[in-house]
Amino acid sequence: MAQKVVLKVLTMTDDKTKQKAIEAAADIFGVDSIAADMKEQKLIVIGMMDAVAVVKKLKKVGKVDLISVGPAKEEKKEEKKEEKKEEKKEEKKEEKKPEEPKK
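Residues numbered from 1 in each chain as written. Predicted model: local features only at pLDDT ≥ 70, side-chain atom pairs only at ≥ 80, totals over all residues. Heavy atoms only, no water.

### Some details on the overall build of the protein
Then step 1. Within the protein, the secondary structure is distributed over 3 helices and 4 strands.
Then step 2. Tracing the protein from N to C terminus, the helices and strands come up as β-α-β-β-α-β-α.
Then step 3. The buried share of the protein, taken over its 103 residues, is 26%.
Then step 4. Only carbon and sulfur atoms are counted for the fraction: they give 50% of the accessible area of the protein, which is about 8,200 Å². (Helix = DSSP H or I, 4+ residues; strand = E, 2+ residues; numbered from the N terminus. Buried < 20%, exposed > 50% of the residue type's maximum accessible area, 1.4 Å probe, protein only. Areas by Shrake-Rupley, 256 points an atom, 1.4 Å probe, with all protein chains shown as cover.)

Here you go:
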C-alpha cells in the first residue's frame, strides 16, 4: 500500500534548493510522485518507500522535519467514485431493457 510522507525542508527557500530536494527524493526506490510547496517549505512524497530513507536522503540537502506519514488516500477515493459511476450506469441500462413476455 502506498504511503504519503509530508516533510518540511527548512532550507528550501529558492528554486535551486527546491530542485535539489526533488532530485534527492526522486532518487529513492519506490517513489511514485513528489510535490513541493515553496511557500510552506513542504515536500510531499507518495509511493512504496521507507520514510526513514526519504528523510536520510533529504538531510544531505538541508534541515528536514518529518511532519506526517500515512496512507495515500486521495488516489483511492477517485478510483472508488469512478467505479460507483460505472455501476450506476450499468444498473440504469439493465432497468431500461424491457422484459420480453414468456410463452
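Once the structure has been displayed, the description carries forward.
### Some remarks on the pattern of salt bridges
Then step 1. By the definition in use, this model includes 3 salt bridges.
Then step 2. Lys57 is paired through a salt bridge with Asp27; the nearest N and O atoms lie 3.1 Å apart. Of this pair, Lys57 sits in helix α2 (residues 51-58) while Asp27 sits in the loop between α1 (15-26) and β2 (31-37), placing them 30 residues apart in sequence.
Then step 3. Residue class for Lys57 comes out partly exposed when judged on its relative accessible area of 26%.
Then step 4. The shortest N-O distance in the salt bridge between Lys63 and Asp65 comes to 3.6 Å.
Then step 5. Since its relative accessible area comes to 31%, Asp65 is described here as partly exposed. (Salt bridge = Lys/Arg side-chain N within 4 Å of Asp/Glu carboxyl O.)

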